[in-house]
Amino acid sequence: MPPDPEDVVPDEQHPQRRAGTRPSAVVSSVRTHADEEARIIGRQLDVLDLGGGTGGVAVPLAEEGHRVTVVDPSPDALAALARRAREAGVHDNLTSIQGDGDSLASVLAEHRFDLVCCHGVLEFVDDPAATLRAISEALRPGGTLSLLVAGRLAVVFAKAIAGEFGQARAALTDADGRWGRTDPLPRRFDLDLVEELLTGAGLTVAQVRATNILGHLVPASLVDSDADRAALAELDELLVAAPGREFLRTLGNGLHLVARRD
Ligand SMILES: C[S@@+](CC[C@H](N)C(=O)[O-])C[C@H]1O[C@@H](n2cnc3c(N)ncnc32)[C@H](O)[C@@H]1O
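Residues numbered from 1 in each chain as written. Predicted model: local features only at pLDDT ≥ 70, side-chain atom pairs only at ≥ 80, totals over all residues. Heavy atoms only, no water.

We now examine the packing of helix 7 (residues 152-161) against helix 8 (residues 165-173). Running from amino to carboxyl end, helix 7 crosses helix 8 at an angle of 165 degrees, the nearest separation of the two axes being 7 Å. Compared by their axis directions, helix 7 and helix 8 come out roughly antiparallel. For helix 7 against helix 8, the interelement crossing comes out left-handed. On the side of helix 7, the interface is formed by R152, L153, V155, V156, K159 and A160, while helix 8 contributes F165, Q167, A168, A171, L172 and T173. Here the contact of helix 7 with helix 8 is composed, by residue class, of eight nonpolar, two polar and two charged. (Axes fitted to C-alpha atoms, helices over the stretch in contact; angles between N-to-C directions. Helix = DSSP H or I, 4+ residues; strand = E, 2+ residues; numbered from the N terminus. Parallel < 35°, antiparallel > 145°, perpendicular 65-115°, else oblique. Left-handed = near helix turned anticlockwise from the far one by under 90°. Contact = heavy atoms within 4.5 Å. Nonpolar A, V, L, I, M, F, W, Y, C, P; charged D, E, K, R; others polar.)

See the structure below:
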């Protein structure tokens, strides 16, 4: 049985689960980016949300008038997406296709997009490099990819702090960054590897953000107000803002990269 998406999306998109996560910061940054691009090109965007699941990203983008195609292998997720789209009154702006990142080229045929979102998905595909190449092919020149992946080092720190030293060591040394056989995630990423994969797919990295560097490590019981969450999110930003400390981004529980096809 596939793992529950709630267990595997970097916690950034599930603000209620962890301390220190600013609500849907990734989703709002993607929405802002899409709206800015739309202003520049003078029309709403064609967006592909690969592994878009139940529409956490697709529905807010469709609400802004963008035309969103969700490709996801899960019929349950697509049924939930359809319900959510109807409730939000955006079903005309949403197309859903059952398919996966490993056969994207055949699923999309000649369709090209201004923006591709791939959030919490590269962990599951058979061959991340091949999927990124297919995404790159699916982008129009000048189009952008928003990629969110789970960071390896975040789980190493979290496991060590929780006293799970064997699991911390496994996550650090395992080729796929897994902490054990029951780890729900098939794969986690180091930031430099993701950058390499993007470059190898013909994409230019324009922005790198770490989501949830500190908040991921703080017990949820210690963070019980929006003010606490905002303070932790601000700490995350301050942490990486100073010159020489950018490397701390690699500790993010979520690694969010925006890359452009030239
Ligand atoms: C962790 S959820 C992320 C959902 C959504 N992108 C979000 O950010 O909320 C992972 C999603 O990837 C989908 N998925 C799993 N394997 C996939 C594959 N090989 N290609 C594309 N999507 C896949 C799952 O069905 C699920 O909807």
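A few words now on the environment of A150. In this structure, A150 sits in strand 5 (residues 139-150). Residues A150 and L255, spaced 105 residues apart in sequence, show a C-alpha to C-alpha distance of 6.2 Å.

Attention now goes to the packing of aromatic side chains. Two descriptors summarise a pair of aromatic rings, namely the distance from one centre to the other and the angle between the planes of the rings. For the structure on display, the rule yields zero aromatic pairs. If you follow K159 out to its NZ or CZ, it ends over the ring of W179, 4.1 Å from the centre. (Phe/Tyr/Trp six-rings, centres within 6.5 Å; stacked < 30°, edge-to-face > 60°. Lys NZ or Arg CZ within 6 Å of the ring centre and 35° of its normal.)

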